[in-house]
Each structure stands twice: as C-alpha cells, then as structure tokens.
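Take a look at the letters that make up each chain.
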Amino acid sequence: MITTIRNKATVRRLVFVFLLGVLVTFPGWSQQARPNILWIVSEDTSPLMGCYGNAFATTPSIDRLAREGVRYTRAFAVAPVCAPARSTLITGMQASSLGTENMRSQYPIPDFIRFFPQYLREAGYYTTNNAKEDYNTGNRRGAWDQSDRQATYKNRKPGQPFFAVFNLGMTHESQVHRKVAKLNHDPRKVPIPPYHPRTPEMEHDWALFYDNMEAMDKQVGRLLRELEEAGLADSTIVFYYSDHGGVLARSKRYLFESGLRVPLIVRCPQQYRSLAPGKEGDSSGRLVSFEDFAPTVLSLAGVKVPAHMQGTPFLGKQAAPEKEYAFAFRARIDERADLARSVRNQRFRYVRNYAPQKIYGQQVEYQWQAPSIRSWQSAFQNGSLNAVQSAFWKQKPAEELYDVVADPHNITNLASNKTYAPVLKQMREEARQLILNTRDAGFIPESMKAEISATGTVYDFARSADYPLERILETAEMATSRDAGHLEKLTRRLADQNPIVRYWAATAWVVLGKSAPALPSVLSALLQDGEPAVRITAAEALYAQGKKAEVLAVLIKVLEEENPLARLQAVTVLEAMGKDALPALPALRQMVERGSGKKVNGRKPWTADHDLKIARQLIGKLGAV
C-alpha cells in the first residue's frame, strides 16, 4: 500500500530516521563526507629518500609529499619479501598466524577472514587495485571492483568514495638484474653500507637502484598530479609506502632494518585534518607495522574493525594507543627454507634464528641474477672481505640483538654482551609471547602444511590439539640453541607422540652437526617415521655422523613422493652432501623427468618447481664428478 505524506512534520521525522541510519552505518562521519583513500605502493624500497635524510637520492615528488603530510620513521613490513607481507596487508592478520608465511605457498585461509577491501565495498566504497595482488593465498571474490592494469578510481559512480591502490614495480629487484651502460647516479660516489664490499658490480647495482628510485618517484608525481587534476586532492587521504625493504642482498629477504623498515608518508587534506597524525611536514616515531594497515583504513572510512584482525589502527576514529613491539618473520623464500622471528621496539631489534646452521647467504637462483651478490660471493671466496662483510657467508647465531639507533646497519650483535642481558631477556620473552598469542604456524614443517591444506586450513590446524605450540616452541628453542645440555631432554622427545615435536627434537643434532655427542639409537629409528619431514631431518642428522648408506636410502625414497615440499627438503639435504650424493643421481633424474608434484586444492602450488630447480643444479654438479 502506498502511504501519502501529508504534512511537514512527517517528512522531518522520516529525514531524521534516514540520517540516523546513515550515522549508525558510518559512525563518526556526521560532520563530513567519507574520505577517499589512495595507496601508492613501491616495491623493494628502503627509506633512502631525500625526506629521510639521504642526500644522494633524487626523490622530489616523495619529498614534497612528506612536506605536505607526516613522515613515519618507524614503519615496518612484517616480512622482508612481498607475498607474505602482502598477505598480512590484505587481511590485517600476521601471515605467520594464517600459515601463509612461506613465499608463494597458496595455502587456503578460513572463509571468515576476508580481504579488507570487501568491507569497504559493503560500506559503499569503490575499490580498485592496479595491479599487483600476490597475497600468498587463493584469491577472494568481492574485494575489488576492478583489479588489473587498467584499474582506476575514475570509473566509480559520481560522488562515490574510493579506495584505490597503485603498485609501482620500477624499484623491484628484477630491475637491478640488468647491466646499464649509462647511469644518472655516479657509481663512484654512491653510498654503500659497511656490510657490502665496494666492488664495481656492487657500485653499479647500488647506483642503478637510485636511478630506479628516481624513475619511481616520477611515477608517484604523476599519480599525485592526476589526483589534483581530477579535483580530488582535497578529499583524498594519500598513503605512500613500500611493500618491504630492499633491494640488494642482505636487505630484501633478511630480518634486518634494511629488509623490514619501510618509508611511510600519510597526507591528510584540510577537511580531514582532525584525522592527521600531525601537522604538515611533521615526522612520527610511532611504531607501526603491516598488520595495522587494514584496520587503519577501515577506521579512516568509518567501518568497524573486525575483532579477528590482529593489527592496531593508528589513524581514524578507532585509533588505539601505540603498541610497544613490531613483530616480523622469515620462512621459506623461493627454493630456500629458513625460519626466524624478530621483534622491534623503539631502540632495539631482536632476532631468533630457528635454523642457525644455515648461512645467511643461501643461494637463491633469482637473487643470484644480480651481479652485485655474485661479486660479493666471489670476494668472500678469494678472502678479500673484512669480518663484517664476511659474516653474510657464515652460519647464523641463535640470537641477535641490535641497537638500531647506534647501529642502523645491524652489524654489531649484542646478544652475548652482558650489559644488554636485561634487554635480551625482555625482547626474547616478548617474541615468545607474540608467537604463542598469534598461534604462529611457522613451526609446522612445510611438507605437513601442504598435506593439511589439501583438506583444511593451516590456521585451523594451528588452533587444534594436534598443534601443542608451547611444547613445540620449547623443543624448537632447545634444539636450535647449540647447547648440548638440552640433549638429554631432547632425546626423550624424539619419541614424542606429536610428529612436529619429533621433528624439532631431531633438529638439535642437525644444528650441532659433527660436534654433537654420540647419537641416541632412537634417532636411527626415526628413519622409519611416518612423517617425511621427521625422516629427512633424522637422515640429515645421521649423515653428519658418517652414516651415509642408510641415509641415502631414505632420501632417495623421498624423491619418489608426490609432495613437492618433502622432495624439496630431501633435495636440499642431498645438495649439502656434495659428491656423497652421487648414488642419488638416477633418482634425481627420474624426479625431474616426472616433473612437479600433486595439486593442492585443485591447483598446482607455486612451490612445486623449487625441488626441481635445486635438483637440476645438483644433477649438473654430480654429473661433472
């Protein structure tokens, strides 16, 4: 039935009810329209711009943005590589909590964890992404109105607020894989950190990076001009940041300031000045990290932040007090497995290495395309480096502690300095609590994750009784401490009912290597364990004690498995065995001929070729023996 409105009082009441509904839907926006939000994201970029005090850089557009906005001096990626970092950005959750911390693993996450732009779309925003996604998990429908190289906020409806992302690849690592004859920045004058040798290749690649940053800065300038020409600069909050640090070796991929600290500039126009973190040209020392970005955007847009998000909004009506620590993680990156966790406060960075037997500079095929790292490795091999430059090519300590104010390049490890023992203890405990509180899934061997993901999610598994994290973490800490005093307790845990505990207990003898005391008999029994990761780890430990034949039989058998992550672990052990792996040559060739492993969730995981990559290299080496 149609009701005719006959008097003005009725009209006023209806208008009031309508406006009240709007205010309930979008709290905090009674006095002003919702802001547009623009993200400009460069890749592999440490804060080396002019506005961050680097006089060698040519970055006028970013410097201008900093003068018009607020520059953050303690902003951090959660991972020193893109896909896990972007997994955190898009969900507001630590990728290590989701089980998406291994580079390009594509493991699923629970349905209730949505990509945050979907909340914006439901609130009326037009959302676009141009063009990189790379979220390290299966894509989610509903996040973007448009996500491709043509995506732009210009396609929205008249008056519709927008959230737009533009990803700039000019500074990506791939851009320093090429030799350039003429450079804008003088290689002879380029500043080089003390951990790098000043080889001609290193000078060239550093100068090329500064050239690439100059080109990226011009792209930033064009995007800002487009915003102004569209008449939208006065209604748009602009973020500029990088997806992690970079780009030359020991920055991207590594848990140092150079890999984790990112530039972050936020510009709020006059009508949203109440939301700004400071006055124009100010700097902020507030500690922020990537899990904070999603809830911050929702807060700025007047959208309620979901309770499951682990980040802290640092702007908007829902802004929370500053947190004390920023958490970061490192896991498998491309074909090389590793595991480390880090926490950063205002002054110190703490790193806990759970694979200290591995050197920092594990050879990654993609990274080794840069001439600079190859020259660095050659300089180490010919003995021309100093102690600081040589450290990259040696095994890691179990713990690292850096005073980042006095030591911005993180070259003086204070973990064994008694003066800093209270700081070490405090930060060690904070890292431990963050691991426990977020149910960090990184301690699950990745071959197990692939199997878990075939029928469920790693996130759910990490919250089940099958993942006793406190016991697992305690075992991992003892096993990787290089303290033989823990071996008696770890020997008992070799027979633990939980395969992850057994895996970490066996890791103790891998870490100690030839320096380990006599091996317990139960370790040999693990060569028959039902879990491939446990069998391979036991084999690696036994090989260090000279048991070659039985170890080879186990590793060769694993090469026949469908799980590509189990094969990757086995091939990596065979690679470390050198010419002792020669009997495995026929099996390696057969594995390569068969190709990649089974599909996970109906698709081939991006990790499936990493085992083949190392296998092909190993076949070449063994074939030359």
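You'll find the structure just up there.
Conventions used here
Residues numbered from 1 in each chain as written. Predicted model: local features only at pLDDT ≥ 70, side-chain atom pairs only at ≥ 80, totals over all residues. Heavy atoms only, no water. Helix = DSSP H or I, 4+ residues; strand = E, 2+ residues; numbered from the N terminus. Buried < 20%, exposed > 50% of the residue type's maximum accessible area, 1.4 Å probe, protein only. 1 Å grid on protein atoms, 1.4 Å probe; cavity = no way out; pocket = protein on both sides within 12 Å on 5 of 7 lines; lining within 4 Å. Points joined across faces, edges and corners; volume = space filled by probe spheres on them. Nonpolar A, V, L, I, M, F, W, Y, C, P; charged D, E, K, R; others polar. Pairing = 2+ DSSP bridges. Axes fitted to C-alpha atoms, helices over the stretch in contact; angles between N-to-C directions.

Draft legend 1. Here's a closer look at unusual backbone geometry. A cis geometry characterises the amide bond from N130 onward to A131, with omega recorded as 0°. As for its position among the elements, A131 is in the loop between strand 3 (126-130) and strand 4 (146-147). The omega torsion of the bond from G246 to V247 falls at 10°, within 30 degrees of zero and hence cis. Inspection of the secondary structure puts V247 in the loop between strand 6 (236-242) and helix 7 (257-260). Unusually for a residue other than glycine, R104 sits at a positive phi of about 50°. Examined against the element boundaries, R104 turns out to sit in the loop between helix 4 (95-98) and helix 5 (117-122). With a phi close to 55°, R439 is a non-glycine residue in the positive phi region. Within the secondary structure, R439 sits in the loop between helix 11 (421-437) and helix 12 (446-453). For R439, a relative accessible area of 22% corresponds to the partly exposed category.

Draft legend 2. Main features of the layout of surface pockets. Of the volumes computed, that of the largest pocket is approximately 890 Å³. Lining the largest pocket are 28 residues, and of these Q357, K358, E540, T572 and A576 sit closest to its centre. Where the lining of the largest pocket is concerned, the elements lending two or more residues are helix 9 (371-381), helix 16 (499-512), helix 18 (532-543), helix 20 (564-577) and helix 22 (610-623). It is helix 20 that provides the largest number of residues to the lining of the largest pocket, a total of five residues. When the residues that make up the lining of the largest pocket are grouped by side-chain class, the tally is 11 nonpolar, 10 polar and seven charged. In the lining of the second largest pocket, the residues fall into 15 nonpolar, 10 polar and four charged.

Draft legend 3. Structural detail: the sheet that holds strand 9 (residues 326-330). The strand order across the open sheet built from four strands is 9-10-11-12, with neighbouring strands paired in antiparallel fashion. The sheet is open, and its two edges are formed by strand 9 and strand 12 (399-403), each paired on a single side. Geometrically, the sheet is characterised by an average inter-axis angle of 15° between neighbouring strands, direction not taken into account. Two elements, strand 9 and strand 10 (residues 340-344), share five bridges in a ladder whose sense is antiparallel. Bridge pairing links F327 to V343 in strand 10.

These figures capture arrangement, not role.
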